[in-house]
Amino acid sequence: MNWKTCNANGTAPAAGSASMARFEAAAVTPTHRLIAFLNSFFRAPRFAAGARVNRLHKGTLDRIDGRVVAQTRDGVLVEWPRHGTGWERPGALCQQG
């Protein structure tokens, strides 16, 4: 299929696939950015191995200075200095700055 665009004079060269790709990218970029931003609120946080984390429980920090060992679909494996190693929900952890 060949797409044509019009300028103010009503004439323009035929737009090939490269021109159409630029148009599509420009037209959907703000929408995709907004959707990606909104989706980020619903994704589980990702932690790099070795990151230092704290655990929030009922609005208070109940465990601090944990070290992330690994993260899988099942959760985050954290090594705590006083409580040993355990699996935690990603949403319950906050990374130390």
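The structure presented is a predicted model; accordingly, all values stated were derived computationally and were not measured.

Asks: Could you give me a rundown of the pairing of strand β3 (residues 52-57), with the residues and numbers involved?
Replies: Looking at chain direction, β3 and strand β4 (residues 60-72) are connected through 5 bridges and run antiparallel. Bridge pairing in β4 places arginine 52 opposite arginine 67. Once β3 ends, the chain turns through 2 residues before running back antiparallel as β4, passing lysine 58 with a positive phi of about 55 degrees. Both β3 and strand β7 (residues 93-95) contribute to a ladder of 3 bridges, which runs antiparallel. In the strand pairing of β7, asparagine 54 is matched with cysteine 94.

Asks: Describe the packing of aromatic side chains, and please don't skip the residues or the numbers.
Replies: Evaluation of the coordinates by the stated rule reveals 1 aromatic pair. With centroids separated by 5.1 Å and ring planes inclined at 80 degrees, the aromatic side chains of phenylalanine 37 and phenylalanine 41 adopt a geometry described as edge-to-face. For phenylalanine 41, a relative accessible area of 57% puts it in the exposed group.

Asks: I'd like a rundown of the pattern of salt bridges, residues and numbers included.
Replies: Scanning the model with the defined rule gives 4 salt bridges in all. Linking arginine 55 and glutamate 88 is a salt bridge whose minimum nitrogen-to-oxygen distance equals 3.0 Å. Note that arginine 55 is positioned in strand β3 and glutamate 88 in strand β6 (residues 84-88), a separation of 33 residues in sequence. Exposure class is identical for arginine 55 and glutamate 88. Each is buried. Two residues, glutamate 88 and arginine 63, come together in a salt bridge whose shortest N-O distance is 3.5 Å. With a gap of 25 residues between them, glutamate 88 in strand β6 and arginine 63 in strand β4 connect regions that are remote in the sequence. Sharing partners across several salt bridges, the network here consists of Arg55, Asp62, Arg63 and Glu88.

Asks: Just give me the short version of the confidence of the model for the protein chain, but keep the residues and values in it.
Replies: Residue-level pLDDT values for the protein chain average 79, and 71% of them are 70 or greater. When pLDDT is averaged over each helix and strand of the protein chain, the minimum, 38, is found for strand β1 (residues 3-4) and the maximum, 96, for strand β5 (residues 75-80). Low pLDDT (under 50) marks residues 1-15, which in the prediction has 14 contacts with non-local residues, meaning those over four places away or in another chain.

Asks: Describe the environment of leucine 93, and please don't skip the residues or the numbers.
Replies: Looking at where leucine 93 falls in the secondary structure, it is placed in strand β7. Judged by its relative accessible area of 7%, leucine 93 is buried. Spatially, the C-alpha atom of leucine 93 lies 5.6 Å from that of asparagine 54, the residues being 39 residues apart in sequence. With residues up to four places along the chain from it excluded, the contact list for leucine 93 reads Phe47, Val53, Asn54, Arg55, Val76, Val78, Trp80 and Glu88.

Conventions we followed
- Residues numbered from 1 in each chain as written.
- Predicted model: local features only at pLDDT ≥ 70, side-chain atom pairs only at ≥ 80, totals over all residues.
- Heavy atoms only, no water.
- Pairing = 2+ DSSP bridges.
- Helix = DSSP H or I, 4+ residues; strand = E, 2+ residues; numbered from the N terminus.
- Phe/Tyr/Trp six-rings, centres within 6.5 Å; stacked < 30°, edge-to-face > 60°.
- Buried < 20%, exposed > 50% of the residue type's maximum accessible area, 1.4 Å probe, protein only.
- Salt bridge = Lys/Arg side-chain N within 4 Å of Asp/Glu carboxyl O.
- pLDDT = per-residue confidence, 0-100.
- Contact = heavy atoms within 4.5 Å.

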